[in-house]
Amino acid sequence: MFSRIIQLPVGRKSFFLFGPRQTGKSTLIRQLLTGKAHMEINLLKSDVLLKYKKNPELLRRETDFLAKTDPASIVFVDEIQKAPELLDEIHLLIETYPKKISFIMTGSSARKLKRASVNMLGGRAWEFRLHPLTHVELGDDFQLDTVLLKGSLPPIVEERNEDAFQTLQAYTATYLKEEIFDDVLTRNISAFSRFLDLAADQSGRIVNFSTISREAGVTSKTIKGYYEILEDTLVALKLEPYLKSARKRLVVHPKYYFFDLGCINSLTGRSYPSVISSPTVHGMLFEHFIILEIFRLLTYGRQFFRIFHWQSSHGAEVDMVLERENKVFAIEIKSAPIVHAGDLRGLKSFIADYPHATPLCISTAERPYMAGDIPVIPWQMAFGADYLSIL
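Residues numbered from 1 in each chain as written. Predicted model: local features only at pLDDT ≥ 70, side-chain atom pairs only at ≥ 80, totals over all residues. Heavy atoms only, no water.

Section: the pairing of strand β9 (residues 317–324)
Step number 1: Most of β9 is tucked away: six of the eight residues are buried.
Step number 2: Of the strand pairs in this sheet, strand β8 (residues 306–311) and β9 are connected by five bridges, and their pairing is antiparallel. Paired with Ile307 across the bridge in β9 is Leu322.
Step number 3: What sits between β8 and β9 in their antiparallel hairpin is a turn of five residues, with Gly315 showing a positive phi close to 95°.
Step number 4: Relative to strand β10 (residues 327–333), β9 is paired through five bridges, and the arrangement is antiparallel. Across the sheet, Met320 pairs through a bridge with Ile331, a residue of β10.
Step number 5: In this antiparallel pair of consecutive strands, β9 and β10, the connection spans two residues, and Glu325 shows a positive phi of 55°. (Buried < 20%, exposed > 50% of the residue type's maximum accessible area, 1.4 Å probe, protein only. Helix = DSSP H or I, 4+ residues; strand = E, 2+ residues; numbered from the N terminus. Pairing = 2+ DSSP bridges.)

Put into structure tokens, the structure is as follows:
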């Protein structure tokens, strides 16, 4: 069991907890409910699902009884997207028992709920996301190269490499390629499967929809729809281009980062430590790790920065731009411990356009140092006790 750092208002407020499968949503909620009065409805059980789909009003009757016998209870509905009709009952119950009963609802994403135009409770329930384990949660069990190889999904982290990749292959085949495919409007599963392999290979690169559409054998519009599904199901993080400069023509295509490094490696066939030892692959995975880690910890810390990438038409590039109100941080990520000023031309070009921005290079250095006018820091320094202390 790992101690998760997400702060959830258990017993104080009704909320949704979304996240890809195997991130530990149900385990976390059950752990937090230990010793608390609650009722659990596990919609993964076929008999339970059938019962509530036939009689959604049963939830109301059960909750009415609960409110009379234990007026400080919690109702936990696991996999709420399997019975979205329950949300109308939950809406009514939140209104009826505003201080007596709270609801916890978990699911892989809100996409199926929103597509079905169901009741999302109109702000009566907050929304949270659970991600794979962060280095903070792994604690002493964290090893950078191990996470770069097999990711940090909770069931994976303690498995041997051979077993981990067997599990990841099953996960990518059954969940990513089949279950998420259920959200695809077309029935062309072979095209979606090809797309998923291509998207994993292109993870972290600027997306050219036309090129991917040719290789997958579907239209650019379809490819854009596939990427929207990955984003909506929390399988991919989308970084829009930072487009606030009039001085240069900028690249306007987004980047997408897959949510877990082990899934990327499984889909692209990188299943051995030697494969990721090459500087190019290691650098790409380290960049993914930092960007995903920043995104996860910003989300958990409720710090509402917007995240972008930046690239000019001349090839000057910055891996990540963080913006909130009048704060802008330009971040370059290098897996090498020694970074020279000449390696940071993209940051210099960005600062020339945005002199108010703060430049920073995150690396694998042991100690911080200056590369010209730009600080280069060990990646651990980017995350303090309050998360992202640099901000």
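Re empty space enclosed by the protein
Step number 1: Applying the stated rule across the entire model yields two cavities of 30 Å³ or more.
Step number 2: Of the pockets and cavities examined, the second largest cavity occupies roughly 50 Å³.
Step number 3: Lining the second largest cavity are Val147, Gly151, Ser152, Asp260, Leu261, Phe289, Leu292, Glu293 and Arg296.
Step number 4: Top element by residues in the lining of the second largest cavity is helix α13 (residues 279–300). It accounts for four residues.
Step number 5: Each residue belonging to the lining of the second largest cavity can be placed in one class, and the counts come to four nonpolar, two polar and three charged. (1 Å grid on protein atoms, 1.4 Å probe; cavity = no way out; pocket = protein on both sides within 12 Å on 5 of 7 lines; lining within 4 Å. Points joined across faces, edges and corners; volume = space filled by probe spheres on them. Nonpolar A, V, L, I, M, F, W, Y, C, P; charged D, E, K, R; others polar.)

A look at the packing of aromatic side chains
Step number 1: Following the criterion strictly, the structure yields 21 aromatic pairs and no others.
Step number 2: Relative to Tyr354, the ring of Tyr242 has its centre 5.3 Å away and its plane inclined at 70°; by these criteria the two rings are edge-to-face. One end of the pair, Tyr242, is in the loop between β6 (236–241) and β7 (255–258); the other, Tyr354, is in the loop between α14 (345–353) and β11 (358–363), and 112 residues separate them in sequence. The burial state of Tyr242 is the same as that of Tyr354; both residues are buried.
Step number 3: Centroid distance Phe286 to Phe289: 6.5 Å. Interplanar angle 35°. Geometry classified as tilted. With Phe286 and Phe289 both in helix α13 and three residues apart, the pair spans about one turn of that helix.
Step number 4: We classify Phe289 as buried; its relative accessible area is 4%.
Step number 5: Through a chain of ring-to-ring contacts, the aromatic side chains of Phe192, Phe195, Phe209, Tyr226, Tyr227 and Tyr256 assemble into a single cluster. (Phe/Tyr/Trp six-rings, centres within 6.5 Å; stacked < 30°, edge-to-face > 60°.)

Side note on the pattern of salt bridges
Step number 1: As enumerated under the stated definition, the model contains 14 salt bridges in all.
Step number 2: In this structure, Glu57 engages Arg61 in a salt bridge whose closest nitrogen and oxygen atoms are separated by 3.7 Å. Taken as a pair, Glu57 and Arg61 lie in helix α3 (residues 57–69) at a separation of four residues, close to a single helical turn.
Step number 3: On the accessibility criterion, Arg61 (47% relative accessible area) is partly exposed.
Step number 4: The closest approach of N and O atoms between Glu332 and Lys334, which form a salt bridge, is 3.6 Å.
Step number 5: On the basis of relative accessibility, which here comes to 23%, the residue Lys334 falls in the partly exposed class. (Salt bridge = Lys/Arg side-chain N within 4 Å of Asp/Glu carboxyl O.)

Comments concerning the layout of surface pockets
Which parts of space are left empty comes out when a probe the size of a water molecule is rolled across the atoms.
Step number 1: Its volume calculated, the largest pocket comes out at about 530 Å³.
Step number 2: Lining of the largest pocket is provided by 26 residues; of these, Arg129, His131, Leu237, Phe295 and Thr299 occupy positions nearest its centre.
Step number 3: Mapped by element, the contributors of at least two residues to the lining of the largest pocket are β5 (126–129), β6, α13 and β8.
Step number 4: A class-by-class count of the residues in the lining of the largest pocket yields 16 nonpolar, three polar and seven charged.

Looking at the confidence of the model for the chain
Step number 1: For the chain, mean pLDDT is 89; residues scoring 70 or higher make up 92% of the total.
Step number 2: Looking over the chain, one finds the lowest element-wise mean pLDDT in helix α5 (residues 111–115), namely 67, and the highest in β7, namely 97. (pLDDT = per-residue confidence, 0-100.)

Focus on helix α10 (residues 209–216)
Step number 1: Of all the residues in α10, the buried ones are Phe209, Ile212, Ser213 and Ala216. End-on, the buried residues of α10 take up no more than an arc of 105°, which puts them together on one face.
Step number 2: Where the residues of α10 are buried, they touch α9 (189–201), α11 (220–232) and β7.
Step number 3: Among the residues of α10, the N-terminal cap falls to Asn208, whose side-chain oxygen and the backbone nitrogen of Ser210 are separated by 3.1 Å.
Step number 4: Trailing α10 by a residue or two, Gly217 shows a phi angle of about 80°, which is positive. (Arc of directions from axis to C-beta. Contact = heavy atoms within 4.5 Å. Polar contact = N/O pair within 3.5 Å; in protein donor to acceptor, adjacent residues only side chain to side chain.)

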